[in-house]
Amino acid sequence: MNKIAYFDCPTGIAGDMCIGALVHAGVPLEYLIEKLNLLGISTEYQLRTELVHRNTQQATKFYVDLAADLSLKPKKSATELDPSETESPTFDARHHHHHGEEHSHSHGEADAEISRTHHRNLPEIEQIIVSAKLPPRVEAWSLAVFGKLAEAEGAVHGIPPSEVHFHEVGATDAIIDIVGTCLGLDWLDIQEFYFSAMPTGGGTVKAAHGKLAVPTPAVMRLWETHRVPVYSNGIDRELCTPTGTAIACTLAAGFGPPPPMQIQAIGLGAGSRMLAIPNILRLWIGEKSEGSSATDSVTDVTDVRKREEGRGKFLNNIQFPITDSQLPITNSIETITVLETQIDDLSPQAIGYVFDALFAAGALDVFTAPIVMKKSRLGILLTAICHPEFQDACEAVIFRETTTLGIRRSIQQRTILPREIQRVKTEYGEVQIKVAKSGQTIVNVQPEYEDCAEIARIKNISWREVHRLALQSWYDRT
């Protein structure tokens, strides 16, 4: 069976996170150092790893300590996060390879040679890689990743890839990240690579030419070229770096949910910042399940635009090619925001209006539950579920239409079944039917409430009768 790898990227992807996950999964750091020394730039950096915690979960953090930086400031442990880092970009500044001021050093003539290494062009990088006599797959992958990156930057700036002059991408740590990732994957003898959908992030990031919006232009170009499925997890930071995105787009056989596989090892690579959810790239290593093709359950790179309808949300309409006895429920994961507040002084008449207003603002679901609050007051717990991009609009509705003074928010993931809308004709009119599947098996069939209600009102018959006729028509047809 072929050995495959699945990169689960809930907080994005960067080169240092990839290598951290590979080392955590068993790739010896000594092997990476030995092979990377063949590049002939070992005087420019030092490599190290450290076990760190991200939201109480342990993972491996990989560092490229540049010689110029080591001469200026003491080494800092990843376990010593200062308070400002909880509101910083996801990855260490040194890993914003295209978009940072961190490689613009002015330390005098003594640092001139090191400084020049941060502005290598593509032919120079290719020469370094080819001259190193790396394992064949490592050389081919590394050249392909840098080539992909040059194509994206060239398209952004309107110049041929051969004329792209890299800034931070040509830096020492970027070469280490890309070649090191390829070395680790080759050492593990991985044959096929799959990646999850990518979180977009948000906000801005400093670049050589000023601030750029996140996702950055090169990342957007790579996503567009390879039709990568993306979504918002509500975190307004740079989550996917150009280097990490280029690695994914170059190696991926597909993007989406994990393929059918027998997991043998898990590697956890830490990002540099504390976020609302653990800032960890999770590398699943295993073999294809017997009698199945991994690509059957993962969105192919040429067909990743299959989306379900509804308020712009992303849902992978993909099915696992396995029987119900093997896996009764097929997972489709999406990120949601949950808003909650307790209320004990609002007229019950207003609650119905709040529901309507929240749905109009983009809520996926709204519900209340009876509770007993302080001073033994009877109240309700109001909960609204929405996609992160509708969070602000839903909060505005709650503050405007209720008496609450505060709202709790949390980012969660939910598992949903793929579903599709079909239409049936009854003697009273057409009704939409929502059909949910688990694998190839239909597990739920429900007529749309509004369609049944509209026909019942117009024809002056009961809603239950319309509902029954719609179901009967669907089953008769199938």
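Reading the values: rules and limits
- Residues numbered from 1 in each chain as written.
- Predicted model: local features only at pLDDT ≥ 70, side-chain atom pairs only at ≥ 80, totals over all residues.
- Heavy atoms only, no water.
- pLDDT = per-residue confidence, 0-100.
- Contact = heavy atoms within 4.5 Å.
- Salt bridge = Lys/Arg side-chain N within 4 Å of Asp/Glu carboxyl O.
- Helix = DSSP H or I, 4+ residues; strand = E, 2+ residues; numbered from the N terminus.
- Buried < 20%, exposed > 50% of the residue type's maximum accessible area, 1.4 Å probe, protein only.
- Arc of directions from axis to C-beta.
- Pairing = 2+ DSSP bridges.
- Axes fitted to C-alpha atoms, helices over the stretch in contact; angles between N-to-C directions.
- Parallel < 35°, antiparallel > 145°, perpendicular 65-115°, else oblique.
- Left-handed = near helix turned anticlockwise from the far one by under 90°.
- Nonpolar A, V, L, I, M, F, W, Y, C, P; charged D, E, K, R; others polar.

Trainee: Looking at this model, I keep getting lost on the confidence of the model for the protein chain. Mind explaining?
Mentor: Should pLDDT be low for a region, the predicted coordinates there are not to be read in detail. The share of residues in the protein chain with pLDDT of 70 or more is 78%, and the mean pLDDT across the chain is 81. Across residues 77–117, where pLDDT falls below 50, the model places 112 contacts with residues more than four positions away in sequence or in other chains. Counting interchain partners and residues more than four positions distant, the pLDDT-below-50 stretch residues 291–331 has 109 contacts.

Trainee: Before we go on, may I ask you to explain the pattern of salt bridges in this structure?
Mentor: Charged atoms that come close allow side chains of opposite charge to pair. Using the criterion set out here, one finds 14 salt bridges in the structure. A salt bridge links Arg468 to Glu465; its shortest N-O distance comes to 2.8 Å. Of this pair, Arg468 and Glu465 both sit in helix H13 (residues 463–477), three residues apart, roughly one helical turn. Since its relative accessible area comes to 41%, Arg468 is described here as partly exposed. Several salt bridges converge on common partners, so that one network encompasses Arg137, Asp186 and Asp189.

Trainee: When you look at unusual backbone geometry in this model, what are you seeing that I'm missing?
Mentor: What you tend to see is this: most non-glycine residues have negative phi, and most peptide bonds are trans. Looking along the chain, the bond that leaves Val214 and enters Pro215 is cis, with omega of 5°. Examined against the element boundaries, Pro215 turns out to sit in the loop between strand S7 (210–213) and helix H8 (217–226). Here the phi dihedral of Asn460 falls at roughly 60°; this positive angle occurs in a residue that is not glycine.

Trainee: Help me out: how do you make sense of H8 in this one?
Mentor: Each α-helix turn comprises 3.6 residues. Residues three or four places apart therefore point the same way. Restricting attention to buried positions, one finds in H8 the residues Ala218, Val219, Leu222, Trp223 and His226. Taken around the axis of H8, the buried residues stretch over an arc of 135°, which confines them to a single face. Looking at the buried positions of H8, the neighbouring elements they touch are helix H6 (136–157), strand S5 (198–199), strand S8 (230–231) and helix H9 (242–251). Among the residues trailing H8, Arg227 stands out with phi positive, at a value near 50°.

Trainee: I'm lost on the sheet that holds strand S18 (residues 429–438) in this one. Help?
Mentor: By way of backbone hydrogen bonds, the strands of a sheet pair with one another, either parallel or antiparallel. With antiparallel pairing, the three strands of this open sheet are ordered in space as S17-S18-S19. This sheet does not close on itself; its edge strands, each paired only once, are strand S17 (419–426) and strand S19 (441–447). Ignoring strand direction, the axes of neighbouring strands in this sheet form an average angle of 30°. Where S18 and S19 come together, six bridges link them in antiparallel fashion. Note that in S19 the partner of Lys437 across the bridge is Ile442. Relative to S18, helix H12 (residues 449–459) is tilted by about 160°, and along the sheet it contacts S18 and S19. Sitting on the sheet, H13 touches S17, S18 and S19, and the angle it makes with S17 is about 105°.

Trainee: What exactly am I supposed to notice about the pairing of strand S3 (residues 57–66) here?
Mentor: Each regular strand displays side chains that alternate between the two surfaces of the sheet. Burial analysis of S3 places eight of its ten residues in the buried class, the great majority of the element. The pairing of strand S2 (residues 45–54) with S3 spans ten bridges and is classified as antiparallel. Residue pairing for S3: His53 is matched across the bridge by Gln58. Counted along the chain from S2 to the antiparallel partner S3, the turn is two residues long, and its residue Asn55 has a positive phi close to 55°.

Trainee: It is not clear to me how the packing of H6 against helix H7 (residues 172–187) should be interpreted in this structure. Could you clarify?
Mentor: Relative orientation and spacing of two packed helices are given, respectively, by the angle between their axes and the distance between those axes. Relative orientation of the contacting elements H6 and H7 amounts to 140°, with a least axis distance of 9 Å. On the basis of their axis angle, the class for H6 and H7 is oblique. Considering the relative orientation of H6 and H7, their crossing is right-handed. Seen from H6, the contacting residues are Arg137, Val138, Trp141, Ser142, Val145 and Phe146; seen from H7, they are Ala174, Ile175, Ile178, Val179, Cys182, Leu183, Leu185 and Asp186. For the contact of H6 with H7, the class distribution of residues is eleven nonpolar, one polar and two charged.

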